[in-house]
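# Residue-level structural notes
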Amino acid sequence: MTIILILLASAVRQATPLLLAALGGLYSERSGVINIALEGLMLAGAFTSATVTHYSGNPWVGLAAGIAAGVLVALVHGVACIRFKADQVVSGTAINILFLGVPALLSGAFFESTGATPQLPQGQLMPIAPIVLAFVLVPVTWYVLNRTPFGLRLRAVGENPEAADTAGVNVARVRFAAVMLSGALAAIGGAYLSIGQSSLFARNMTAGRGFIALAALIFGKWRPVQTMLACLLFGFAEALSIQMQGVSQVPVQFIQIVPYVLTIVVLAGFIGHSRAPRALGVPYQEKR
Amino acid sequence: MKFLRELLFPLAAVVAAFAVGAVVVLAVGDNPLSTYTLLIGSALTWPDGIGYTLFYATPLIFTGLAVAVAFRCGLLNIGAEGQLYIAAFMTAWVGITLASWPAWLLVPLCFLTALLAGGFWGAVPGVLKARFGAHEVITTIMMNFIAVALASYFTQYHYKPQGDPILETVPIGEGAHIARLGRFVPGFPERIPLNLAFPVALLACLLVYLFLWRTRWGYEIRATGANPAAALYGGIATGKQIVLAMSISGALAGLVAVNEVLGYRYRYYDGFSAGYGFTGIAVALLGRNHPGGVILASLLFGALLRGGLFVDIFTEHVSKDLVMVLQGIIILFVAAEALFRRSSRRRIKSV
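Residues numbered from 1 in each chain as written. Chains lettered and ligands numbered in written order. Predicted model: local features only at pLDDT ≥ 70, side-chain atom pairs only at ≥ 80, totals over all residues.

## Describing the overall build of chain B
From N to C terminus, chain B includes 14 helices and zero strands. Each helix (α) and strand (β) of chain B, taken in turn from the N terminus, gives the series α-α-α-α-α-α-α-α-α-α-α-α-α-α. Relative to a compact globule of 351 residues, whose C-alpha radius of gyration would be 20 Å, chain B shows 20 Å and is just as compact. In terms of principal-axis extent, the alpha carbons of chain B reach across some 55 × 55 × 35 Å. Restricting to contacts in chain B with at least 6 residues of sequence separation, those with at least 24 account for 76%. (Helix = DSSP H or I, 4+ residues; strand = E, 2+ residues; numbered from the N terminus. Rg over C-alpha atoms; globule rule 2.2 N^0.38 Å. Contact = placed C-beta atoms within 7 Å.)

## Regarding the nonpolar core
Ranked by size, the top nonpolar core spans 224 residues in total, and within it Ala216 of chain A together with Leu65, Ala88 and Ile331 of chain B carry the most contacts. A total of 16 residues in this core trace back to one element, the largest contributor, which is helix H8 (residues 171–197) of chain A. In this view, Ala216 of chain A contacts Leu18, Ala22, Thr227, Ala230, Cys231 and Phe234 of chain A; residues no more than four positions away in its chain are not counted. (Core = buried A, V, L, I, M, F, W, Y, C linked by C-beta atoms within 7 Å. Buried ≥ 20, exposed ≤ 12 C-beta atoms within 10 Å, placed from the backbone.)

## Observations concerning unusual backbone geometry
Here Trp46 of chain B and Pro47 of chain B are connected by a cis peptide whose omega angle stands at 0°. Examined against the element boundaries, Pro47 of chain B turns out to sit in the loop between helix H2 (32–41) and helix H3 (48–72). Phi at Asn204 of chain A is positive, roughly 50°, even though this residue is not glycine. Mapped onto the fold, Asn204 of chain A is located in the loop between H8 and helix H9 (209–219).

## Here we look at the environment of Gly208 of chain A
The residue Gly208 of chain A is located in the loop between H8 and H9 in this model. Spatially, the C-alpha atoms of Gly208 of chain A and Leu38 of chain A are 9.6 Å apart, while their sequence positions differ by 170 residues.

## Overview of the confidence of the model for chain B
All names here are of chain B. In the predicted model, chain B carries a mean pLDDT of 91, and 96% of its residues have values of at least 70. In the model, residues 338–351 has pLDDT below 50 throughout and makes 18 contacts with residues more than four positions away in sequence or in other chains. Complex prediction metrics read pTM 0.91 and ipTM 0.89. (pLDDT = per-residue confidence, 0-100.)

## Quick word on the interface of chain B and chain A
If you look at the interface, chain B gives 44 residues, while chain A gives 39 residues. Contributions of two or more residues to the side of chain B that touches chain A are made by helix H1 (2–28), helix H5 (103–132), helix H6 (136–159), helix H12 (276–286) and helix H14 (321–350) of chain B. Class assignment for the residues of the side of chain B that touches chain A results in 30 nonpolar, ten polar and four charged. (Nonpolar A, V, L, I, M, F, W, Y, C, P; charged D, E, K, R; others polar.)

Structure below.
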């Protein structure tokens, strides 16, 4: 019985960074901007939060700085994709590569280390708040999407930008807002990893979680509640593989690939088709 | 004239990226000029600098070509990383299993394995796209993780030497080794791992060029990439071209195994790729998805990888991660222009 409780608690913890990043991705992608930069955004948030918490001694200040970093990096993605109509996947890839390098470079300069920040004391961590926030954000996101003017515009811009433009919606502005929001949320997800779950930033500490979040978003058909369920499922798989490390006969690698295989299966339409927002990945040219 | 114009924009992107990089170096607390002198200078010494630059450029030529071929068909293959991992493991597996076979048989067999394994790993997302409309970007990302996990599983549980703390397989048979260039080039020491995979990479560039611009299949692939609706209307089975392009793309990425397994480490080494598949995207973009451009861009990134090691050791604060930062910025700059065409193409399709 206790083992099951431990496993479930661990699953919720593992799902938290995924859920935050996936909800971030949801805003961006429902507005029509592909965000495979989630991994890089998480890394930016994780590194900045840990660094600023180290210097300020206050995790909230660290979190705020992390969010600011995420928004800033997302803004770069937005400028490239929305303003300059760069290919969204390529721009996202660039940001992912960039933020594999930037934290390592900076930590070398700040802390004379090869990619890690100094250990933070227990009192300067926030192990609970991001979890609560992540799960509270699920109904909030549902409400924003389905019951507010901003949500309506967001969906319109992602499904049919021409129509939205004709109706007087500023397509670029809505997309910028969505992309920056996704930067903020992904950064909180990253911050949870560095100043919540562990107590420092380590080189490439997201280890592909940005991509699993993306997988959860697709698996969840770009909807908040389904995405949360997907995150919990993937978080459970991760918790299972941690618990089973060295104990069971089943190799961890097989559990680790579950989210990826499931995503491919869903994308191929074998179990329920997952339809992307219609204008996803298509830059919009204003008609005037 | 057209050639010069094609060269101009990538050059501008590189210069701009180095300028931004200089600001980063300055912010970190080092002198940009001396850092860059070290970065480029250490890649140009004979024989070590140039030898290692070419050695690092070799896998990038393969992955750059891989991404470029897919691009020409309108596909973004982010899966070169997974394709090269699966190919490297399978090649090592053949080299281990048939270790006693003679070289004249084993080398071609390993070569073929690299092509087929990479090609298969590329074909799967191709089929998923052509048959079910699954976006190749997402499926190739997922296939990357699956490839790495599978290779690491088989290495750890079935092919690791007893008591070895490193995650690597037992060595392949001697018959599967290919020669280092030091054996043929006078004055070039054999300790430098530059091997026959490098001329193979150059040959691959030539073949890809001939294939894309001098054969019917190549034409059909480019037509599918340029305008799928028109290609379909013109009688081209676009689905088949997508699968073909992804298979060729994967096979090219798979050839990294020739350099890594047959020419360098003589075994599968877990996590050997320094993001070659992703750098391949930068290489293809910077090289304008043209085999000639791919060679030039690979030489640049190869030099950066080599020089990065020296920057790591001989500067006060800057680490080799500077290379990654430069790479990211170069892609961002190139993307904002080069892919404007790609996206405008998509718009035509959607109208």
